[in-house]
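Examining the three-dimensional arrangement
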Amino acid sequence: MAGKPPTGDPVQDAPDVAAPQHAAAGLPAIAHTLRVAQKQMGVRRTALTLLKVNQKDGFDCPGCAWPEPDKRHAAEFCENGAKAVAEEATLRRVTPDFFAAHPVADLATRSGYWLGQQGRLTHPMYLAEGATAYEPVTWERAFDLIAEELHALGSPDEALFYTSGRTSNEAAFLYQLFAREFGTNNLPDCSNMCHESSGSALTETIGVGKGSVLLEDLYQADLIIVAGQNPGTNHPRMLSALEKAKAGGTKIITVNPLPEAGMERFKNPQNARGLAGGGTPLTDLFLQIRLGGDQALFRTLGRLVLETEGALDTDFIREHTHGFEEYERTARAADWDETLRATGLRREEIEEALRMILASRRTVVCWAMGLTQHKHAVPTIKEVVNLLLLRGDIGRPGAGVCPVRGHSNVQGDRTMGIFERPSAAFLDALQKEFGFAPPREHGLDVVRAIRALRDGDAKVFFAMGGNFVAASPDTEVTEAAMRRARLTVHVSTKLNRSHVVTGARALILPTLGRTERDRQSGGDQFVTVEDSMGMVHASRGRLEPASPHLLSEPAIVCRLARRVLGTESATPWEEFGQDYGTIRDRISRVVAGFEDFNARVARPGGFTLPHAPRDERRFPTSTGKANFTAAPVEYPKAPEGRLLLQTLRSHDQYNTTIYGLDDRYRGIKNGRRVVLVNPDDARTLGLADGAYADLVSEWTDGTERRAPGFRVVHYPTTPGCAAAYYPETNVLVPLDHTADTSNTPASKSLVIRLEPADPA
């Protein structure tokens, strides 16, 4: 029955395994989508809700940040987007009675999947110091408790204000404004754990830390390279864009340590061919690369382009770039033997990729976490840029860089100022508009925030959305650090692990979701989001709120700011909470590109933010040009008897939100504690298919980090490489094992050993 939560935590240690699939979507995706949606929402609510997802007069999907085309299908959502909507619009409820029946110690033994399946939070809840269970609390008392702890701090920098990528532009702008008016730049966010490496690399090389392409550029490209990304699971609507590009003659190269069903063949559920036929083969060349070998691959491709007569766009290089000579000297020294060791590829495969690049007049490179979460992630992405610069493939239609973001507004949050290292120009604009002097000293990112909690230098942790404990690296260290806090606060729609790993005191503040109507005293409100390609559009919920006790994220920030900052603040917090249009008016005067915000976002489909490299071939870098770079080639190495592990998602999850226990495309059912290992590697290690093993990571600090009881699955991974799901394997990621420059946890290149374990 819809609305009835599961009563027990299902056994997850005996998964069933079948052969992986070689096509994505199709009728099975439709059937699974409807089954999940109706189970959570019921038939009528499913129809009313899903038909408004990603529509111009509807709400933005709370899942990924893939953009919508101008002409939209009536069902403009994917399987995982429908799961995200169903989780939010569920009829299940978590009431005060639930917390009375489940002490924190009990909830701490439950899986993240079970916690999420209980339903929507309905009341503010408080865990007093020494208490064993959460109890309901009024909003007024909750804000008093937060103000009490914040006012007791020795410095504003003892507070941490974390943000998830689902926070709207309006809420994010208010949140950073409150934090800075309070006196700190401690604004860690989920970007620190995903695309921070992209922003670092792109800011230095092209001057803008975002992608340079629009959806139409994919359709015009001659070649698309998809590296370190699995669209079939993580961004399924991207497959529709790739299918349309293929219909126009585009070639696709896939670079990945795992074969992924979506990139092999796409059965589009929105057309007859996808439903009844064999679908569309997407990949023309599959480069099954060794983990972390991407920098070596792109460096060698650059060398081969340099060595090919007539292959360079010399006019573009001369007029628009800097540093070419140093790059050329370094690239021409690229060694074939080292490249083959680093990539695990055959020379003929790389030469075939070169032929496709040379045949292309317009190339787009897309990437995601498979490139950003390595120690050498930033130089890897710079190498991608180098290759495109050689061919003049930035700043013209059908070509450019395309980092594919995860959360639906993670890019917008950064645009709104959610950043621990804000630019002087942004702070100047903030000061001019609001009349206070924001702090100038850089704040703490995610990794540094955990260290601060661990070391007692931070005492209050406030999270606007997300599941910080489950998402962060080095799980045992992170959890111990959180427990040292004086107060932990989480603005959430549903239960997650972060609610049961708390400071001395803890608050859960329930908020509206994207699907719900937001009524304030100024009337019905809407919010805005920015997608992965810099398009800004409105999002309007239609459902009645899950509880009359919910507040919107902007309302929570405004009420908190009024309580904490008091009459000393000249910011019109009450006005902002009543009418979000007044927030957008202020954004338009602070954030570049948002001029006349209210009028422009009122247009169906919204508007496109300016992007100097794309729009003008102007590169606002330190040199005034696009910068070639020439970092030494790096790649992870595993000793004899060890493997390189990447953490990844199953098809039944979105980041730390677990929708189910199956990974349909990889053939995994009813379990998540599996490790995918190349059959030859497994046999060498004496591990039969179906055997069990503990995963133990090895790092320079000598600390043993262990994830016990994983079923070994013989799988066609790159030799020497393995894969397993997070957050279960986040325990293996050392807190200090991070990408140079970006400080992103390097969870895609862990050295592990597999120790046989008793299945019992």
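Details of the structure are given in the entry above.
Predicted, not measured: the structure shown is a model, and the values here were computed from it. (Residues numbered from 1 in each chain as written. Predicted model: local features only at pLDDT ≥ 70, side-chain atom pairs only at ≥ 80, totals over all residues. Heavy atoms only, no water.)

1. Description of the packing of helix 8 (residues 169-182) against helix 27 (residues 553-565)
Rules: Between N-to-C directions, angles span 0 to 180 degrees; the directions come from axes that are lines fitted to C-alpha atoms, helices contributing only their stretch in contact. Where helices and strands are cited, they refer to DSSP runs of H or I of at least four residues and of E of at least two residues respectively, numbered from the N terminus. Oblique is the label for any angle not covered by the other classes, which are roughly parallel (under 35 degrees), roughly antiparallel (over 145) and roughly perpendicular (65 to 115). For any pair of crossing helices, the crossing counts as left-handed if the nearer helix is rotated counterclockwise from the farther one by less than a right angle, and right-handed if it is rotated clockwise. Whether two residues are in contact is decided by their heavy atoms, any of which lying within 4.5 Å being enough. Only Asp, Glu, Lys and Arg are considered charged, only Ala, Val, Leu, Ile, Met, Phe, Trp, Tyr, Cys and Pro nonpolar, and every remaining residue, Gly among them, polar.
Contact pair helix 8 / helix 27: the axes reach a minimum separation of 9 Å and the direction vectors enclose 15 degrees. The orientation of helix 8 relative to helix 27 falls into the category roughly parallel. Of the two elements, helix 8 crosses helix 27, and the hand of that crossing is left-handed. Residue-level inspection shows Ala171, Leu174, Tyr175, Phe178, Glu181 and Phe182 of helix 8 in contact with helix 27, the latter providing Glu553, Pro554, Val557, Cys558, Leu560, Ala561, Val564 and Leu565. When its residues are assigned to classes, the contact of helix 8 with helix 27 shows 12 nonpolar, no polar and two charged.

2. Overview of the nonpolar core
Put simply, the rule reads: As used here, the term nonpolar core means buried Ala, Val, Leu, Ile, Met, Phe, Trp, Tyr and Cys residues forming a set that is joined through side-chain atoms within 4.5 Å. To sort residues, take the accessible area from a 1.4 Å probe on protein chains only and compare it with the maximum for the residue type: under 20% means buried, over 50% means exposed, and anything in between is partly exposed.
Within the largest apolar cluster, 62 residues are counted, with the highest numbers of intra-cluster contacts made by Ile146, Leu150, Phe161, Phe178, Phe462, Leu509 and Trp573. When residues no more than four places from it in sequence are discounted, the contact partners of tryptophan 573 are Leu174, Leu177, Phe178, Glu181, Val557, Cys558, Ala561, Arg562 and Leu565. Counting 46 residues, the second largest nonpolar core, distinct from the first, contains Ala201, Leu301, Ala353 and Val378.

3. Things to note about the state of the cysteines
Heads up, the rule is: Throughout, a disulfide means two cysteine sulfur atoms within 2.5 Å of one another.
With the rule as written, the count across this model stands at zero disulfides. Unpaired in terms of disulfides, cysteine 61 finds its nearest cysteine sulfur in cysteine 78, a separation of 6.2 Å. A disulfide-free cysteine, cysteine 64 has its sulfur positioned 5.9 Å from the sulfur of cysteine 78, the nearest such atom.

4. Things to note about the environment of alanine 452
For alanine 452, the position within the fold is in helix 24 (residues 446-454). Distance from alanine 452 to methionine 482, taken between C-alpha atoms, is 9.9 Å for residues 30 residues apart in sequence. Apart from residues no more than four positions distant in its own chain, alanine 452 is found in contact with Leu444, Asp457 and Ala458.

5. Things to note about the pairing of strand 22 (residues 535-539)
Our working definition: When DSSP locates at least two bridges between a pair of strands, those strands are taken to pair.
Most of strand 22 is tucked away: four of the five residues are buried. Pairing geometry for strand 21 (residues 527-530) and strand 22, over four bridges, is antiparallel. Following the sheet pairing, threonine 528 is matched in strand 22 by alanine 538. Where strand 21 folds back onto strand 22 in an antiparallel hairpin, the turn is made up of four residues, including glycine 534, whose phi is positive at roughly 80 degrees. As judged from the two bridges shared by strand 22 and strand 23 (residues 607-608), these two strands associate in the antiparallel manner. Following the sheet pairing, methionine 535 is matched in strand 23 by threonine 608.

6. Comments concerning the layout of surface pockets
Note the following rule: Computed over the protein atoms alone on a 1 Å grid, cavities are sets of points where a 1.4 Å probe fits but cannot get out and pockets are open sets with protein on both sides within 12 Å along at least five of seven lines; a residue lines them when it has an atom within 4 Å of a point. Grid points are joined across faces, edges and corners, and a volume is the space filled by probe spheres set on the points.
Empty space within the second largest pocket amounts to approximately 1,200 Å³. Around the second largest pocket, the lining comprises 41 residues; the ones closest to its centre are Val208, Gly209, Lys210, Arg414 and Thr415. Elements supplying a minimum of two residues to the lining of the second largest pocket: helix 9 (196-205), helix 22 (410-415), helix 23 (424-434), helix 29 (580-590) and helix 31 (612-616). It is helix 9 that contributes the most residues to the lining of the second largest pocket, five residues altogether.

7. Digging into the packing of helix 23 against helix 29
Between two packed helices, the angle of one axis relative to the other and the distance separating the axes together describe the packing. Taken N-terminus to C-terminus, the directions of helix 23 and helix 29 make an angle of 130 degrees; their axes are 9 Å apart at the nearest point. When the axis of helix 23 is compared with that of helix 29, the two are oblique. Our pair here, helix 23 against helix 29, has a crossing hand that is right-handed. Contacts between helix 23 and helix 29 involve Phe426, Ala429, Leu430, Glu433 and Phe434 from the first element and Arg586, Arg589 and Val590 from the second.

8. Quick notes on the pattern of salt bridges
Note the cut-off: Take a side-chain nitrogen of Lys or Arg and a carboxyl oxygen of Asp or Glu: if they are within 4 Å of each other, that pair is a salt bridge.
Within this structure, the stated rule accounts for 66 salt bridges. The salt bridge partner of arginine 362 is aspartate 222, with a shortest N-O separation of 3.0 Å. Of the two residues, arginine 362 sits in the loop between helix 19 (347-359) and strand 14 (363-367) while aspartate 222 sits in the loop between helix 10 (215-220) and strand 8 (223-227), which places them 140 residues apart along the sequence. Judged by relative accessible area, arginine 362 falls into the partly exposed class, the value being 23%. Put simply, aspartate 615 and arginine 614 hold a salt bridge, and the shortest N to O gap is 2.8 Å. Note on aspartate 615: relative accessible area 45%, which makes it partly exposed. Linked through salt bridges whose partners overlap, the residues forming this network are Arg642, Asp694, Glu698, Glu704, Arg706, Arg753 and Glu755.

9. Comments concerning the sheet that holds strand 10 (residues 265-267)
The strand order across the open sheet built from three strands is 2-10-11, with neighbouring strands paired in mixed fashion. Lying at the two open borders of the sheet, with one neighbouring strand each, are strand 2 (24-25) and strand 11 (280-281). Relative to strand 11, strand 10 is paired through two bridges, and the arrangement is antiparallel. Among the inter-strand pairings, arginine 265 is bridged to a residue of strand 11, identified as proline 281. The strands that helix 12 (residues 237-247) touches are strand 2, strand 10 and strand 11; relative to strand 10, the one it contacts most, it runs at about 105 degrees.

10. A word on empty space enclosed by the protein
Gaps left between atoms show up when a probe the size of a water molecule is rolled over them. For the coordinates displayed, the defined rule picks out three cavities of 30 Å³ or more. Space inside the largest cavity adds up to approximately 70 Å³. In terms of lining, the largest cavity is formed by Asn54, Cys61, Gly63, Cys64, Cys78, Asn80, Gly81, Asn234, Pro236, Arg237 and Tyr654. Classifying every residue of the lining of the largest cavity by side-chain character gives five nonpolar, five polar and one charged.

11. Comments concerning the side chain of arginine 649
Formally: In this tally, Lys and Arg are treated as positive and Asp and Glu as negative; His is ignored, and so are the chain termini. Pairs of N or O atoms within 3.5 Å make up the polar contacts considered here, provided that, within protein, one atom can donate a hydrogen while the other can accept it, and that residues adjacent in sequence are counted only when both atoms are side-chain atoms.
Looking at where arginine 649 falls in the secondary structure, it is placed in the loop between strand 25 (643-648) and strand 26 (653-654). Within the buried set, arginine 649 has no salt-bridge partner at all; the shortest N-O distance to an opposite charge, 11 Å, is to aspartate 663. A distance of 3.1 Å separates polar atoms of two side chains, one belonging to arginine 649 and the other to asparagine 234.

12. Quick notes on the sheet that holds strand 15 (residues 400-403)
Overall, parallel pairing links the five strands, which are arranged 12-9-8-14-15 in an open sheet. The open sheet has two free edges, formed respectively by strand 12 (285-287) and strand 15, since each of these has just one partner strand. Looking at each pair of strands side by side, their axes are set apart by 15 degrees on average, direction ignored. Across the face of the sheet, helix 19 comes into contact with strand 8, strand 9 (251-255) and strand 12 while running at roughly 135 degrees to strand 12. Contacts between helix 21 (residues 377-390) and the sheet are confined to strand 14 and strand 15, with strand 14 contributing the most and set at about 170 degrees to the helix.

13. Examining the pairing of strand 7 (residues 159-163)
Burial runs high along strand 7: five of the five residues are buried. Going residue by residue along strand 7, you find Ala159, Phe161 and Thr163 tucked away on one face and Leu160 and Tyr162 tucked away on the opposite face as well.

14. Let's talk about unusual backbone geometry
With an omega dihedral of 10 degrees, the bond running from tyrosine 726 to proline 727 counts as a cis peptide bond. Along the chain, the position of proline 727 falls in the loop between strand 32 (721-725) and strand 33 (750-757). Its identity as a non-glycine residue notwithstanding, aspartate 474 has a phi of 50 degrees, on the positive side. Structurally, the position occupied by aspartate 474 is in the loop between helix 25 (468-471) and helix 26 (475-483). Residue classification places aspartate 474 among the buried residues on the basis of a relative accessible area of 4%. The phi dihedral of threonine 741 falls on the positive side, at around 75 degrees, and the residue is not glycine. Secondary-structure assignment places threonine 741 in the loop between strand 32 and strand 33. For threonine 741, a relative accessible area of 66% puts it in the exposed group.

15. A closer look at the side chain of serine 552
Among the structural elements, serine 552 can be located in the loop between strand 22 and helix 27. Within the structure, the side chain of serine 552 is placed 3.4 Å from the side chain of glutamine 520, a separation counted as a polar contact. Sequence-distant contacts of serine 552, that is, excluding residues within four places in its chain, are made with Thr511, Leu512, Asp518, Gln520 and Tyr580.

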